[in-house]
Amino acid sequence: KHKVERGEPSLRIGQPGPMGRILVRGEPGHDIIPELYPVEGEPVIDKPGKGAFYQTDLELMLKNREIDTLFVCGVTTEVCVNTTVREANDRGFRCIVISDCCASYFPDFHTAGLAMIKAQGGMVGDKDAVAALLRKLLEPTYRDGVVLDGFPRTPVQAAGTTPPTATMNESRQHPSLKFWKLSCP
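Residues numbered from 1 in each chain as written. Predicted model: local features only at pLDDT ≥ 70, side-chain atom pairs only at ≥ 80, totals over all residues. Heavy atoms only, no water.

**Comments concerning the pattern of salt bridges**
Link 1 in the chain: Here the structure, examined in full by the defined rule, presents six salt bridges.
Link 2 in the chain: One salt bridge connects D46 with R25, and the closest N-O pair in it is separated by 2.2 Å. In this pair, D46 sits in the loop between β2 (20–21) and α2 (58–64) while R25 sits in the loop between β2 and α2, placing the two residues 21 residues apart along the sequence.
Link 3 in the chain: Residue classification places R25 among the exposed positions, given a relative accessible area of 59%. (Salt bridge = Lys/Arg side-chain N within 4 Å of Asp/Glu carboxyl O. Helix = DSSP H or I, 4+ residues; strand = E, 2+ residues; numbered from the N terminus. Buried < 20%, exposed > 50% of the residue type's maximum accessible area, 1.4 Å probe, protein only.)

Spelled out as C-alpha cells, the structure:
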C-alpha cells in the first residue's frame, strides 16, 4: 500500500497505462519481451521489489547451480539494476553490469547509476567488452597439442580455431563457466 502512495508520479501502480495496468502480473507491460522470452524449463523470477533477490528464490537457485558471477542488465539502471547488484554483492556474488544493456527514463540517472556501481568497486562494461571477455575465457588451454579445458572440439577443428559459440544451454558448458539466462519481468 505504501509503495503505491509514495511520490506523485503521473501514473501509479495498478492504474491503466499504454500496455495495461502498471506493474500488474498478467498485463502486457509486465511481460518479458519476445526476444528474451524464456524457453521451456528456464527459470523466471517474478520480483516483487526493486531487487531480484528480495522475497525470491534467486540466491538459492544460483547457489544450487554453483554460480558466483552475474552479468547484470535491465531497467532501470539507477533503481532495479543498482539494487540487484548491491543485494548480490551482499550475498557474495561478483557482478558485471553490461552498461549498454541497461537503461533509465533519464540518461543522467543511467550515467549516475553506473558511476555509483563503479565507485563501489563494481565492474561495468559494454556488451562488446563482455563478449570479448567471454570469448577469452572460453578459449581452450593447450599443452603439447592437447586441449586441457574448453569446449569439446570436433576432429576437424584445429588448435587455434574459433571455439563454438557459448550458449545458455547448461548441457554444453565450459568446465569453469556456468551459463544461465534468468528472466525477471
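**Observations regarding the pairing of strand β4 (residues 94–103)**
Link 1 in the chain: In the sheet, strand β3 (residues 69–75) pairs with β4 via six bridges, with the strands oriented parallel. Opposite F71, over in β4, you have I96 as the bridge partner.
Link 2 in the chain: In this fold, β3 hands off to helix α3 (residues 77–90), which returns the chain to β4; that crossover is right-handed.
Link 3 in the chain: Relative to strand β5 (residues 123–125), β4 runs parallel, the two being bridged by three bridges. Residue pairing in the sheet places I98 in a bridge with G125 of β5.
Link 4 in the chain: For the crossover from β4 across helix α4 (residues 107–119) to β5, the handedness is right-handed. (Pairing = 2+ DSSP bridges. Right-handed = clockwise from strand over helix to strand, strands pointing away.)

**Examining the sheet that holds β4**
Link 1 in the chain: Spatial ordering of the open sheet is given by β3-β4-β5, a layout of three strands whose pairing is parallel. Whereas interior strands pair on both sides, the edge strands pair on one side only; in this sheet they are β3 and β5. The mean inter-strand angle of the sheet, taken between neighbouring strand axes irrespective of direction, is 30°.
Link 2 in the chain: Helix-sheet contacts for α4 involve β4 and β5, and the interaxial angle to β4 is about 170°. (Axes fitted to C-alpha atoms, helices over the stretch in contact; angles between N-to-C directions. Contact = heavy atoms within 4.5 Å.)

**Some words on the nonpolar core**
Link 1 in the chain: Judged by nonpolar contacts, the single largest core of 18 residues is most densely connected at F53, L62, L70, V72, V81, V85 and V97.
Link 2 in the chain: Mapped by element, the contributors of at least two residues to this core are α2, β3, α3, β4 and α4.
Link 3 in the chain: Setting aside its immediate chain neighbours within four residues, V85 contacts V72, C95, V97 and I117. (Core = buried A, V, L, I, M, F, W, Y, C linked by side-chain atoms within 4.5 Å.)

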